[in-house]
Amino acid sequence: MAIGVGGGGRNLSADINVTPMIDVLLVLLIIFMITLPLSRRAFDVQVPPEQKPQEKQPTQSSQIVLELRADGSYAINNEPTTLDQLDARLHQVFDQRPAKLMFIKTAGTRKYRDVIQAMDIARGAGVQVIGFTPAEPQQQGGP
Amino acid sequence: MIDVMLVLLIIFMIVTPAITAGFQASVPRARNPEAREEGEFEIRLGIDIDGKFYLDMTSRVTGQYTGPKYIGDADLPALLQQLYASRSSDRILYLKADQDLNFARVQEAVEIARKAGVRVLGTITEQERQPRAPEGG
């Protein structure tokens, strides 16, 4: 027959066309694999080596020490401040300082969350290097 | 073929949390942390809500990743010392601690790390996108 167009080849196939689906799945897979290691975020905190008493730096007075006290208050170089004012105070302190270095001294009863929050605010205020002060043995009493 | 893909996807979805099984910590959120790509042989120290230490790393000797392993307080100093003794440049320790921990516990870990020769501590946080909700002390 001359008009048997596709007469024999018309096999109705019930299969779904899976090729686009596989494309999508592969892309998903690759996205998963790439974002897993890349998505991590962290703060870098300097852990200065323990200083021997005679090596005490003479520049001690110019250091900025943010203190998280046991009673929930904050202090910058012994000057009490509040959490709300912390950002403004840190901006005030660090805007004119070339050395964006701050130490954090935390009472043992404060939550780790508060420390991260304080570091977060400090980063936001332009602090580039954050250090933990060495623990003072007499203050490690616990609650 | 699509079966294989689906299975792979499901395996990935299941394995990702399972890798960290046995160690659970709700990591604090922050707005300004830096991106820190995971290195192959980095050393991660986890502290869960109970204050237990977990060491999470790929062994440089065997090249095998075994997931977070519980480390007793008494064993941690020697272990970290041994790990960092052979490292001269990358003296960084990633710390994944629960946000509700008392800082005293974190401080203990920091002191141990300091004595082991760690110079930089990477405190792992999660990126917070929306503005911080007002928190009550």
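Quantities reported herein were computed from a predicted structural model and do not represent experimental measurements.

(A) Expanded view of the environment of Gly-67 of chain B. Residues and elements named next belong to chain B. The topology assignment puts Gly-67 in the loop between strand S4 (53-57) and strand S5 (69-71). Residue Gly-67 is classed as buried on the basis of its relative accessible area, which comes to 6%. As for Gly-67 and Gly-117, which are separated by 50 residues in sequence, their C-alpha atoms are 23 Å apart.

(B) Looking closely at the packing of helix H2 (residues 83-95) of chain A against helix H3 (residues 112-124) of chain A. Residue and element names in this part refer to chain A. Contact geometry for H2 and H3: axes closest at 9 Å, N-to-C directions at 35°. The handedness of the crossing between H2 and H3 comes out as right-handed. Across the interface between the two elements, Leu-83, Leu-86, Asp-87, Leu-90 and His-91 from H2 touch Gln-117, Ile-121, Ala-122 and Gly-124 from H3. For the contact of H2 with H3, a count of residues per class yields 5 nonpolar, 3 polar and 1 charged.

(C) Geometry of the interface of chain A and chain B. The partner chain B presents 50 residues to the 44 residues of chain A that form the contact. Where chain A abuts chain B, roughly 4500 Å² becomes buried across the two surfaces, and 59% of that area is made up of carbon and sulfur atoms. Its largest share of buried area at the contact with chain B, chain A owes to Arg-40, Arg-41 and Tyr-112 of chain A, together 21% of the area lost on that side. For the salt bridge of Arg-36 of chain B with Asp-44 of chain A, the shortest nitrogen-to-oxygen distance reads 2.5 Å. Run the count over chain A and chain B and you get 18 residue pairs in polar contact (both at pLDDT 80 or more). Broken down by secondary-structure element, the contributors of at least two residues to the side of chain A that touches chain B are helix H1 (19-38), strand S1 (41-46) and H3 of chain A. Per-element tally for the side of chain A that touches chain B: the top contributor is H1 of chain A, with 11 residues. A class-by-class count of the residues in the side of chain A that touches chain B yields 27 nonpolar, 8 polar and 9 charged. Here S1 of chain A runs beside strand S2 (residues 34-35) of chain B; their pairing, made up of 2 bridges, is antiparallel. Paired with Arg-41 of chain A across the two strands is Ala-35 of chain B, which belongs to S2 of chain B.

(D) How the structure looks around the side chain of Thr-106 of chain A. Within the secondary structure, Thr-106 of chain A sits in strand S5 (residues 101-106). The class for Thr-106 of chain A is buried, based on a relative accessible area of 10%.

(E) Layout of the confidence of the model for chain B. All names here are of chain B. Within chain B, residue pLDDT values average 81, and 90% of them lie at 70 or more. Here helix H1 (residues 2-19) is the element of chain B with the lowest mean pLDDT, 75, and strand S6 (residues 92-97) is the one with the highest, 90. On the interface metric, ipTM, the complex scores 0.75, and its pTM is 0.73.

(F) Quick peek at the pairing of strand S7 (residues 120-127) of chain B. Counting buried positions along S7 of chain B yields 6 of 8 residues, so the element is predominantly enclosed. Relative to S7 of chain B, S1 of chain A is paired through 6 bridges, and the arrangement is antiparallel. Along S7 of chain B, the bridge assignment pairs Ala-42 of chain A with Ile-124 of chain B. One ladder, built from 2 bridges, connects strand S1 (residues 29-30) of chain B with S7 of chain B; its direction is parallel. Across the sheet, residue Arg-29 of chain B finds its bridge partner in S7 of chain B, namely Glu-126 of chain B.

(G) Highlighting a nonpolar patch on the surface. There is a patch of nonpolar side chains on the surface, built from Val-24, Leu-28 and Phe-32 of chain A together with Leu-6, Ile-10, Met-13 and Ile-14 of chain B and spanning about 610 Å² of accessible area. Listed by contribution, the elements that provide at least two residues to the nonpolar patch are H1 of chain A together with H1 of chain B. Sorting elements by how many residues they give to the nonpolar patch places H1 of chain B first, with 4 residues. With respect to the helices and strands, Phe-32 of chain A occurs in helix H1.

(H) How the structure looks around the confidence of the model for chain A. Residues and elements named next belong to chain A. Summing up the model confidence of chain A, the mean pLDDT is 78 and the portion of residues at 70 or higher is 77%. The secondary-structure element of chain A with the lowest mean pLDDT is H1, recorded at 80, while H3 shows the highest, at 90. Across residues 138-143 the pLDDT falls below 50, and counting only partners more than four positions away or on other chains, this stretch makes 6 contacts in the model.

(I) Seen up close, the nonpolar core. Membership of the largest hydrophobic core comes to 50 residues, with the highest contact counts inside it found for Leu-90, Met-102 and Ile-104 of chain A together with Leu-80 and Leu-93 of chain B. With 6 residues, the next largest nonpolar core counts Ile-22 of chain A together with Ile-2, Met-5 and Leu-9 of chain B among its residues.

(J) Representation of the pairing of strand S6 (residues 129-132) of chain A in the model. Residues and elements named next belong to chain A. Here 2 bridges tie S1 to S6, and the two strands are oriented parallel to one another. Residue pairing for S6: Gln-46 is matched across the bridge by Gly-131. Pairing geometry for S5 and S6, over 4 bridges, is parallel. Looking at S6, one finds that Ile-104 is bridged to Phe-132. Crossover handedness for the path S5 to H3 to S6: right-handed.

Reading guide: rules and limits
- Residues numbered from 1 in each chain as written.
- Chains lettered and ligands numbered in written order.
- Predicted model: local features only at pLDDT ≥ 70, side-chain atom pairs only at ≥ 80, totals over all residues.
- Heavy atoms only, no water.
- Helix = DSSP H or I, 4+ residues; strand = E, 2+ residues; numbered from the N terminus.
- Buried < 20%, exposed > 50% of the residue type's maximum accessible area, 1.4 Å probe, protein only.
- Axes fitted to C-alpha atoms, helices over the stretch in contact; angles between N-to-C directions.
- Left-handed = near helix turned anticlockwise from the far one by under 90°.
- Contact = heavy atoms within 4.5 Å.
- Nonpolar A, V, L, I, M, F, W, Y, C, P; charged D, E, K, R; others polar.
- Buried area = accessible area lost by both parts, 1.4 Å probe.
- Salt bridge = Lys/Arg side-chain N within 4 Å of Asp/Glu carboxyl O.
- Polar contact = N/O pair within 3.5 Å; in protein donor to acceptor, adjacent residues only side chain to side chain.
- Pairing = 2+ DSSP bridges.
- pLDDT = per-residue confidence, 0-100.
- Patch = residues over 30% accessible without salt bridge, like charges linked within 9 Å, V, L, I, M, F, W, Y side chains within 5 Å.
- Areas by Shrake-Rupley, 256 points an atom, 1.4 Å probe, with all protein chains shown as cover.
- Core = buried A, V, L, I, M, F, W, Y, C linked by side-chain atoms within 4.5 Å.
- Right-handed = clockwise from strand over helix to strand, strands pointing away.

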